[in-house]
Amino acid sequence: MIEIEVKVRAEHAPVKDRVIKLGAQKVRTEDHVDVYYNSPHRDFAKTDEALRLRSVDGGTRMTYKGKKLDEVSKTREEFETPVDGVAARGILNALGFFESGVVKKTRDIYKYDDITICFDNVEGLGEFVEVELVADSDVQGHREKLFGFLEMIGSKKEDSIRTSYLEMLMD
């Protein structure tokens, strides 16, 4: 699966108004605690990969994200699966993986057709909007669709940020 994602820094209230006027529906609100791990074999910061355990509402998911596939978005190959959080942490630590950072955020999730819109309030960073699609083909066409949607809600392609929340917090 390829996650095609575009992120911008944006004040939530006016963007939510625009998204709702377009017909987007709120799906849910989640509180995320994302614990990122680095490998004893290679530095994920250098290879542009990510391995995280995300805790949401008592559940945990393990996610691996490959390196970014283009220069204008956060498009990556992604694998994700539910796990037992305590066991997964134990396995990662036993294999020599180590925590590289923690990102805490509240996320309001909306859906507009096949586009997921995430309003993220990230502890220590502020408000962001992420729009994403999941695809297995025509990545460029889907990416342009996301940039077009961003324009509809008041942001420009040039406003997009490829830096992850973890990278921002570490800077």
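Residues numbered from 1 in each chain as written. Predicted model: local features only at pLDDT ≥ 70, side-chain atom pairs only at ≥ 80, totals over all residues. Heavy atoms only, no water.

Caption draft 1: Focus on the overall build of the protein. Looking only at helices and strands, the protein features 5 helices and 8 strands. Written out in order from the N terminus, the α and β elements of the protein read β-α-β-α-β-β-β-α-β-β-β-α-α. Over its C-alpha atoms the protein spans a radius of gyration of 16 Å, differing by no more than 12% from the 16 Å that the globule rule assigns to 171 residues. Looking at the 171 residues of the protein, the share that counts as buried comes to 46%. By sequence separation, contacts in the protein at least 24 residues apart represent 62% of the contacts at least 6 residues apart. Entry remark: accessible area of the protein is about 8900 Å², with carbon and sulfur atoms responsible for 50%. Taking the average place of the 27 positive charges on the side chains of the protein and the average place of its 34 negative ones, the gap between the two points comes to 1 Å. (Helix = DSSP H or I, 4+ residues; strand = E, 2+ residues; numbered from the N terminus. Rg over C-alpha atoms; globule rule 2.2 N^0.38 Å. Buried < 20%, exposed > 50% of the residue type's maximum accessible area, 1.4 Å probe, protein only. Contact = heavy atoms within 4.5 Å. Areas by Shrake-Rupley, 256 points an atom, 1.4 Å probe, with all protein chains shown as cover. Lys, Arg positive; Asp, Glu negative; His and termini not counted. Charge placed at Lys NZ, Arg CZ, Asp CG, Glu CD.)

Caption draft 2: Structural detail: the pairing of strand β5 (residues 76-83). For strand β1 (residues 2-9) and β5, the ladder comprises 2 bridges, and the chain directions are antiparallel. Following the sheet pairing, Ile-2 is matched in β5 by Glu-77. As defined by bridge partners, strand β4 (residues 59-65) adjoins β5 across 6 bridges and the pair is classed as antiparallel. Looking at β5, one finds that Arg-61 is bridged to Pro-82. (Pairing = 2+ DSSP bridges.)

Caption draft 3: Structural detail: the pattern of salt bridges. Going through the model one piece at a time under the given rule, you end up with 19 salt bridges. Where Glu-78 meets Lys-65, a salt bridge forms, and the shortest distance between an N and an O atom there is 3.6 Å. Of this pair, Glu-78 sits in strand β5 while Lys-65 sits in strand β4, and the two are 13 residues apart along the sequence. Note that Arg-143 and Asp-70 form a salt bridge whose closest N and O atoms lie 2.5 Å from each other. Pair noted here: Arg-143 is in helix α4 (residues 139-152) and Asp-70 is in the loop between β4 and β5, with a separation of 73 residues, a long-range link. In this structure Arg-143 comes out as buried when scored by relative accessible area, which is 11%. (Salt bridge = Lys/Arg side-chain N within 4 Å of Asp/Glu carboxyl O.)

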